[in-house]
Amino acid sequence: HSPMRVYTLMENQPAGPGYVAEHGLSLYVQAGGRALLVDMGQGDGFLRNAAALGVDISQVEAAILTHGHYDHGGGLGAFYGANQRAKAYIRREAFAPHYRADGGYIGLDPAYIWPSRICWTEDVTNLWPGAYLCTCNGRPMAYGGATEGMYTQMGRERQPDDFSHEQYLVLEEGGRRVVFSGCSHKGVCNIAAWLRPDVLIGGFHLREDAAPALVEQVGRRLLELGGIYYTCHCTSQGAYARLSEIMGEKLRRLRAGDVAEI
């Protein structure tokens with residue numbers, strides 16, 4: 001098998017001067033002879049980086065939206081335009097209105113609900129042998145999540161977001177399990193404990209103001225669970241620096257324009 005390749009099409013930091021960056025995430029994945037897209041950033045910026053990296057978005061066979069926030073799904077319209085055939089795999093709850101604590105809207109534009117292009121996902125959705133999506137909804141959470149200060153509109157009520165709209169991509173090949181988790185809102189330690197990945201790729205949702213004790217706990221727990229972690233987007237620079245001290249070679253960073261062989 002050719003190695004799995006992950007092209008970072010969008011991230012908060014650029015890998016070099018030839019790439020655009022924004023607060024967002026988009027990953028192009030080549031695995032087992034197939035091409036997938038995980039998230040699309042805020043707009044069409046991921047297409048510009050794809051062109052710079054020689055990635056052809058029209059060849060993507062499935063697009064996965066990890067959760068219903070604008071910095072991951074704002075580029076859905078750009079994806080529909082660049083690829084005429086692939087379905088976007090999305091949780092129905094992803095299109096519920098989502099808000100920050102200050103009332104700012106962080107959800108998706110309902111104009112992107114194109115029924116002909118969307119496959120609404122279940123708690124487990126198989127893509128093809130060795131590739132599936134899962135929500136882990138309802139599983140006991142031994143560790144805290146990163147859900148504070150985010151809300152969903154349900155009818156007339158705003159309630160704390162339970163992230164039932166978050167899903168993870170699991171790729172199994174050659175005896176390895178690789179998990180893609182956009183922002184790990186249900187807690188990266190919980191996700192790693194539930195899915196036991198050999199490699200996990202995603203943001204850890206540790207902001208610059210994250211409590212040092214929390215960052216420490218996350219780093220030590222991930223080391224105990226084993227595996228290699230590629231982080232990005234919502235793992236702040238400060239948190240990454242501290243996690244690196246704890247996790248050493250087990251932790252790596254992705255920036256817009258990076259290509260990783262997994």
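Report on the accompanying structure. (Residues numbered from 1 in each chain as written. Predicted model: local features only at pLDDT ≥ 70, side-chain atom pairs only at ≥ 80, totals over all residues. Heavy atoms only, no water.)

With 14 residues, helix α5 (residues 212-225) ought to run about 20 Å at 1.5 Å a step, and its terminal C-alpha atoms sit 20 Å apart, in line with that. Tucked into the core, α5 has its buried residues touching α4 (188-195), β15 (228-231) and α6 (237-247). In the stretch just after α5, G226 is the one whose phi turns positive, near 85°. (Helix = DSSP H or I, 4+ residues; strand = E, 2+ residues; numbered from the N terminus. Expected span 1.5 Å × (residues − 1). Contact = heavy atoms within 4.5 Å.)

All right, on to the pattern of salt bridges then. One pass over the structure, following the stated rule, counts twelve salt bridges. In this structure, D209 and R207 form a salt bridge, with 3.5 Å as the shortest nitrogen-oxygen distance. (Salt bridge = Lys/Arg side-chain N within 4 Å of Asp/Glu carboxyl O.)

Let us now look at the sheet that holds β15. Read across the sheet, seven strands follow the order β8-β9-β12-β13-β14-β15-β16 without closing on themselves; strand pairing throughout is mixed. Looking at the sheet topology across the chains shown, the edges are occupied by β8 (124-128) and β16 (251-253). For this sheet, the mean angle separating the axes of adjacent strands, direction not counted, is 20°. Summarising the sheet, strand β13 (residues 176-181) and strand β14 (residues 199-202) pair through four bridges and their orientation is parallel. What sits directly across from F180, in β14, is I201. (Pairing = 2+ DSSP bridges. Axes fitted to C-alpha atoms, helices over the stretch in contact; angles between N-to-C directions.)

What follows is about the nonpolar core. Membership of the largest hydrophobic core comes to 27 residues, with the highest contact counts inside it found for L195, F204, L222, Y229 and L243. Within the residue set of this core, elements represented by two or more residues are β9 (131-134), β12 (168-173), α4, α5 and α6. If one sorts the elements of this core by residue count, α4 sits on top with six residues. Once residues within four sequence positions are removed from consideration, F204 is found in contact with C183, S184, V188, L222, Y229, T231, C234, T235, L243 and L251. In terms of nonpolar packing, the next biggest core, distinct from the first, is built from 26 residues, V6, Y89, W128 and A131 among them. (Core = buried A, V, L, I, M, F, W, Y, C linked by side-chain atoms within 4.5 Å. Buried < 20%, exposed > 50% of the residue type's maximum accessible area, 1.4 Å probe, protein only.)

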